[in-house]
Amino acid sequence: MTDKADAGTIGASGPTRAANTARTAVVWEALKELLAQLGDREPLEIVDAGGGTGGVAVPLAELGHRVTVVEPSPDSLAALERRAAEHGVTVRGVQGETSDLASLFAPASTDLVLVHNVLEYVDEPAVALRDVVGIVRKGGAVSLLATNAVAGALHRALAGHIAEAHHLLSDPDGRWGQADPVPRRFTRDRIQELLTDAGLVPRSVRGVRVFADLLPGQAWEGDVQVSQQLVDLERVVAQHPELVGIATQLHVIALCD
């Protein structure tokens, strides 16, 4: 799977780090809030399905949680091992898909499962979510990050590809054409429907990268102060009732009641 974006914050590494943070701050803050809510069972048992090279898993392990990355790519798992070693933490890496979760973990054994940038690529999103729910304990949670179909249409239209934007909105998989590198996009309603059908209760929906992917990079990437302003703006608009709908990605926290 596509690797998770780094969950860091702005620091000594300057504008490059700040640019990355503008795109990840919303997700990371939502995860920190969720971890606090689940914290009565620390350390938490966390599974990062399709977790790539550990961009989120390693920071979670640094917080003291037990994290397992289930990832189909052996190269990504090797990079995960190196990243964890560099940060002085242990993250278990297992080669597999969402369909393997039932054989890798006992039922209801996990406090939190991350499903970030995964549903776009699996053959059957509904089946994948049912596999995820099978290993989540009652009172546990799922963090789902998925590409927004409405934003996809907006981005194609702004790039001058009007016909492709029109096609994307009418396509059941949210694709703008055969050359589209993303196999599937989701509307907010479709994500919530999938989660509910899997037996989960959606509790929050945040928009990720509302403005960060609309602004040209030269407008902010070379200036730490402007980058921080963009981070602050993204935090404000993440739950804005109208602006969530145009975010590049939708981040949903759902509970297993």
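Residues numbered from 1 in each chain as written. Predicted model: local features only at pLDDT ≥ 70, side-chain atom pairs only at ≥ 80, totals over all residues. Heavy atoms only, no water.

S.K.: Tell me about the overall build of the protein chain, and please be specific about residues and values.
M.R.: Helices and strands together make up the secondary structure of the protein chain, namely nine helices and seven strands. When the 257 residues of the protein chain are sorted by exposure, 50% land in the buried category. Expressed as a percentage of contacts within the protein chain between residues at least 6 apart in sequence, the contacts between residues at least 24 apart total 72%. Total accessible area computed for the protein chain in this model is approximately 11,600 Å², and 51% of it derives from carbon and sulfur atoms. (Helix = DSSP H or I, 4+ residues; strand = E, 2+ residues; numbered from the N terminus. Buried < 20%, exposed > 50% of the residue type's maximum accessible area, 1.4 Å probe, protein only. Contact = heavy atoms within 4.5 Å. Areas by Shrake-Rupley, 256 points an atom, 1.4 Å probe, with all protein chains shown as cover.)

S.K.: Talk me through the sheet that holds strand 7 (residues 249-255); I want residue IDs and the actual numbers.
M.R.: The seven strands lie next to each other as 3-2-1-4-5-7-6, forming an open sheet whose pairing is mixed. What marks the edges here is a single partner per strand, and that holds for strand 3 (92-95) and strand 6 (201-208). Recorded for the sheet is a direction-independent mean angle of 15° between the axes of neighbouring strands. Across six bridges, strand 4 (residues 110-116) lies against strand 5 (residues 136-147) in parallel orientation. (Pairing = 2+ DSSP bridges. Axes fitted to C-alpha atoms, helices over the stretch in contact; angles between N-to-C directions.)

S.K.: Requested: an account of unusual backbone geometry, with residues and values cited.
M.R.: Not every positive phi belongs to a glycine, and Asn117 is a case in point at roughly 60°. Considering the arrangement of structural elements, one finds Asn117 in the loop between strand 4 and helix 5 (125-133).

S.K.: Kindly report on the packing of helix 6 (residues 149-158) against helix 7 (residues 162-170), identifying the contributing residues and their values.
M.R.: For any two helices packed against each other, the geometry is given by the interaxial angle and the distance between the axes. Running from N to C, helix 6 and helix 7 cross one another at 170°; their axes reach a closest spacing of 7 Å. Our classification of the angle between helix 6 and helix 7 gives roughly antiparallel. For the pair helix 6 and helix 7, contact is made by Ala149, Gly152, Ala153, Arg156 and Ala157 and by Ile162, Glu164, Ala165, Leu168 and Leu169, respectively. (Parallel < 35°, antiparallel > 145°, perpendicular 65-115°, else oblique.)

S.K.: Could you give an account of the pattern of salt bridges, naming the residues involved and the relevant values?
M.R.: What the rule picks out here adds up to eleven salt bridges. The salt bridge partner of Glu193 is Arg190, with a shortest N-O separation of 3.1 Å. Taken as a pair, Glu193 and Arg190 lie in helix 8 (residues 188-197) at a separation of three residues, close to a single helical turn. Note that Asp257 is salt-bridged to Arg203, the shortest N-O span being 3.2 Å. Placement of Asp257 in the segment after strand 7 and of Arg203 in strand 6 is noted, with a sequence separation of 54 residues between them. (Salt bridge = Lys/Arg side-chain N within 4 Å of Asp/Glu carboxyl O.)

S.K.: Got a sec to walk through the packing of aromatic side chains? Specific residues and values, please.
M.R.: For the coordinates displayed, the defined rule picks out zero aromatic pairs. Looking at Arg156, its charged tip hangs above the ring of Trp176, at a distance of 4.3 Å from the centre. (Phe/Tyr/Trp six-rings, centres within 6.5 Å; stacked < 30°, edge-to-face > 60°. Lys NZ or Arg CZ within 6 Å of the ring centre and 35° of its normal.)

S.K.: Which residues make up the nonpolar core, and what values do they have?
M.R.: By size, the foremost hydrophobic cluster in this structure holds 31 residues, and its most contacted members are Val113, Val115, Leu119, Ile191 and Leu195. Among the elements of the structure, strand 1 (45-49), strand 4, helix 5, strand 5, helix 8 and strand 7 are those that each provide at least two residues to this core. Apart from the residues lying within four places of it in its own chain, the contact partners of Leu195 are Leu129, Leu144, Leu200, Pro202, Val252 and Ala254. Judged by nonpolar contacts, the second largest core, of 29 residues, contains Leu31, Val56, Val67 and Leu255. (Core = buried A, V, L, I, M, F, W, Y, C linked by side-chain atoms within 4.5 Å.)

S.K.: Residues and numbers for the environment of Phe211, please.
M.R.: Within the fold, Phe211 resides in the loop between strand 6 and helix 9 (224-237). Given the relative accessible area of 25%, Phe211 is considered partly exposed. Once you skip the residues sitting within four places of it in the chain, Phe211 turns out to touch Leu230, Leu233, Glu234, Val237 and Leu243.

S.K.: Lay out the side chain of Asp180 in plain terms, naming residues and giving numbers.
M.R.: Note on placement: Asp180 falls in the loop between helix 7 and helix 8. A distance of 2.5 Å separates the side chain of Asp180 from the side chain of Arg185, its partner in a polar contact. In this structure Asp180 touches Gly174, Arg175 and Arg185, once residues within four positions along its chain are discounted. (Polar contact = N/O pair within 3.5 Å; in protein donor to acceptor, adjacent residues only side chain to side chain.)

S.K.: Kindly report on the pairing of strand 2 (residues 66-71), identifying the contributing residues and their values.
M.R.: Of all six residues that make up strand 2, five are buried, and the element is covered over most of its length. Direction of pairing for strand 1 relative to strand 2: parallel, over a ladder of five bridges. Bridging from a neighbouring strand, Val47 pairs with Thr68 of strand 2. Between the parallel pair strand 1 and strand 2, the chain is carried across by helix 2 (residues 57-62), and the sense of this crossover is right-handed. Relative to strand 3, strand 2 runs parallel, the two sharing four bridges. Note that in strand 3 the partner of Val69 across the bridge is Gly93. Assessed by its sense of winding, the connection that carries the chain from strand 2 through helix 3 (residues 74-86) to strand 3 is right-handed. (Right-handed = clockwise from strand over helix to strand, strands pointing away.)

S.K.: Provide a residue-level description of the side chain of Thr68, including the pertinent values.
M.R.: Residue placement: Thr68 occurs in strand 2. Since its relative accessible area comes to 9%, Thr68 is described here as buried. Look past the residues within four positions of Thr68 in its chain and what remains in contact with it is Ile46, Val47, Asp48, Arg92, Val94 and Phe105.

As far as function goes, none of this settles anything; it's purely spatial.
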